[in-house]
Amino acid sequence: EVKSLAYSIKNLIALSQNISSKGANGKGPLAVHTFLVNLNNAIELHLTDSSLELIAKEMNLSESSLQKKIKYYTKHNFSEYLRVFASKWFISAIK
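Residues numbered from 1 in each chain as written. Predicted model: local features only at pLDDT ≥ 70, side-chain atom pairs only at ≥ 80, totals over all residues. Heavy atoms only, no water.

Chemist: An account of the packing of helix H2 (residues 29-45) against helix H4 (residues 63-74) is requested, with residue identities and associated values reported.
Modeler: Where H2 contacts H4, the axes come no closer than 11 Å and their chain directions differ by 125 degrees. It follows that H2 is oblique to H4 by the angle criterion. As for how H2 packs across H4, the hand of that crossing is left-handed. Two secondary-structure elements touch here, H2 through Val32, Phe35, Leu36 and Leu39 and H4 through Leu66, Lys69, Ile70, Tyr73 and Thr74. Here the residues of the contact of H2 with H4 are counted per class, giving 7 nonpolar, 1 polar and 1 charged. (Axes fitted to C-alpha atoms, helices over the stretch in contact; angles between N-to-C directions. Helix = DSSP H or I, 4+ residues; strand = E, 2+ residues; numbered from the N terminus. Parallel < 35°, antiparallel > 145°, perpendicular 65-115°, else oblique. Left-handed = near helix turned anticlockwise from the far one by under 90°. Contact = heavy atoms within 4.5 Å. Nonpolar A, V, L, I, M, F, W, Y, C, P; charged D, E, K, R; others polar.)

Chemist: Summarise the packing of aromatic side chains; cite the residues concerned and give the values.
Modeler: Inspection of the entire model under this criterion finds 3 aromatic pairs. For the ring pair tryptophan 89 and phenylalanine 90, a centre distance of 5.1 Å and an interplane angle of 85 degrees mean the geometry is edge-to-face. An aromatic cluster is built from Phe35, Tyr72 and Tyr73, whose rings are joined through pairwise contacts. (Phe/Tyr/Trp six-rings, centres within 6.5 Å; stacked < 30°, edge-to-face > 60°.)

This is the structure we're talking about:
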């Protein structure tokens, strides 16, 4: 349990560093931040039944576009991002 929590925290820190240092296609940090906020909101809305298909539909993107954006901005694929997000969400819910 402690090792799992430590691993999750380490991943969240790495994810946060990746997010804060990325920009894409001339888009600044604000565009990246807005995308990630919208992504997080969509995931939180469907936390118990999140799927790439459902989240892409919620964000009005194709599945491949969503997957590419997540990978580009965070260096994680959708499944990894979802796992890290859910871990962070559950940790904050416990507090």
